[in-house]
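Report on the structure
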Amino acid sequence: MNAKVNRHEFADRLTLGDTLAKDIAGKLDAAVKARGKASLAVSGGGTPKLMFAVLAEQEIDWSKVSITLVDERWVDESSDRSNAALVKHHLIAHEAHVATFLPLFDKAHADDVDAALADVGKRVDALGKPFDVVVLGMGPDGHTASFFPGGDHLAQALDLDGKQSVLSMRADGAGEPRITLSLPRVLDTRALYLHIEGNDKKAILDKVIGGEDLPIAAVLKQDRTAVDVYWSP
Ligand SMILES: O=C(O)[C@H](O)[C@@H](O)[C@H](O)[C@H](O)COP(=O)(O)O
């Protein structure tokens, strides 16, 4: 286990969502004040919705904040599987409605995620390095971002010396093809959070800490960037 993994446990999802949202807003606010801009990469899935709702209401200068995704299902925003649609609906709202959003899905290459990688990678890198905040989730199979067990580009995505900011990923259990930030791009951040809820996910985390080799281990066992794990039942 990496010495830089800090575990924070909360009594319930509301308290977790509220605390994490305010911690993230504080980091974005400090970044805007220090450097005139801030960047945030968030995950999709169901877990972040509550946290997004609180974050969207925080009074910071959202006009200086750029938001992108850690990973995306290769579907148009009209799909209920679209992480972009989720973020636009739950996060780019209220106070945060003036934030700039950079989607990972590229309509120009809607049929071919691989053809989109070069352009999308450039746009992500134009947000600047490092990110100010990255928020990861974790699936029941131990995936994080789109680092799926058995994924066709898993080794490349987890290569800490890899040069690509984004990669495609296809895997059983992933549904449609995915686009994902690479592990080195995820770790290139001033603050890194892993947001997980439920006893099942805690059990997976404990298995990984006990030595099980699931993709999330690559985040927990690297020694480049500290990880704050926020968990509630
Ligand atoms: O698009 C996605 O699927 C994600 O970004 C993914 O990595 C997610 O964080 C986990 O699958 C957890 O998803 P839940 O929060 O729905 O459990």
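By the naming in an unreviewed UniProt entry, the chain is 6-phosphogluconolactonase, taken from Luteibacter rhizovicinus DSM 16549. The UniProt entry for the chain carries the following comment under Pathway (unreviewed entry): "Carbohydrate degradation; pentose phosphate pathway; D-ribulose 5-phosphate from D-glucose 6-phosphate (oxidative stage): step 2/3." UniProt, in the comment section headed Function (unreviewed entry), describes the chain in these words: "Hydrolysis of 6-phosphogluconolactone to 6-phosphogluconate."

Another aspect to go through is the UniProt feature "domain: Glucosamine/galactosamine-6-phosphate isomerase" (unreviewed entry) in the chain. Here the UniProt-annotated "domain: Glucosamine/galactosamine-6-phosphate isomerase" (unreviewed entry) positions come out as residues 15-224. Regarding residues 15-224, the helix share stands at 36% and the strand share at 19%, and the terminal C-alpha atoms are separated by 29 Å.

Geometrically, the link from Lys129 to Pro130 is a cis peptide bond, its omega value of -5° lying close to zero. Within the fold, Pro130 resides in the loop between helix H4 (113-125) and strand S6 (131-136). Backbone geometry places His94, a non-glycine residue, at a positive phi of 50°. Mapped onto the elements, His94 comes out in the loop between helix H3 (83-90) and strand S5 (100-102). Positive phi, normally seen in glycine, also occurs at Ala145, with a value near 45°.

Before going further, it helps to spend a moment on the site of the ligand. Around the ligand, 15 residues are found, and the nearest of them are Gly46, Thr47, Asp71, Asn83 and Lys201. In the environment of the ligand, an oxygen atom lies 2.4 Å from a nitrogen or oxygen atom belonging to the side chain of Thr47. Asp71 is positioned with one of its side-chain polar atoms (N or O) 2.4 Å from an oxygen atom of the ligand. Here the ligand has 420 Å² of accessible area as a free molecule, and 87% of this is covered by the chains. Split by residue class, the shell around the ligand holds 2 nonpolar, 9 polar and 4 charged.

A few words on the pattern of salt bridges. In this structure the tally under the stated criterion is 15 salt bridges. Among the ionic pairs, Arg190 bridges to Asp132, the shortest N-O distance being 3.0 Å. With Arg190 in strand S9 (residues 189-197) and Asp132 in strand S6, this pair connects stretches of sequence that are 58 residues apart. You can call Arg190 partly exposed: its relative accessible area is 45%. What makes Asp132 buried here is its relative accessible area of 6%. One network of salt bridges, with partners in common, ties together Arg35, Asp132 and Arg190.

With that settled, consider the nonpolar core. One broad trend across soluble globular proteins is that nonpolar side chains are buried collectively. Ranked by internal contacts, the top residues of the largest apolar core, which has 78 residues, are Ile24, Leu40, Ile67 and Leu194. In terms of residues, this core owes the most to one element, helix H1 (residues 13-35), which gives 8 residues. Contact partners of Leu194, with chain neighbours within four places excluded, come to Leu136, Gly137, Met138, Thr144, Leu205, Ile216, Leu220, Val227, Asp228, Val229 and Tyr230.

About the cut-offs
Residues numbered from 1 in each chain as written. Predicted model: local features only at pLDDT ≥ 70, side-chain atom pairs only at ≥ 80, totals over all residues. Heavy atoms only, no water. UniProt positions renumbered as here; feature names shortened; annotations may be inferred. Helix = DSSP H or I, 4+ residues; strand = E, 2+ residues; numbered from the N terminus. Near = heavy atom within 4 Å. Polar contact = N/O pair within 3.5 Å; in protein donor to acceptor, adjacent residues only side chain to side chain. Areas by Shrake-Rupley, 256 points an atom, 1.4 Å probe, with all protein chains shown as cover. Nonpolar A, V, L, I, M, F, W, Y, C, P; charged D, E, K, R; others polar. Salt bridge = Lys/Arg side-chain N within 4 Å of Asp/Glu carboxyl O. Buried < 20%, exposed > 50% of the residue type's maximum accessible area, 1.4 Å probe, protein only. Core = buried A, V, L, I, M, F, W, Y, C linked by side-chain atoms within 4.5 Å. Contact = heavy atoms within 4.5 Å.

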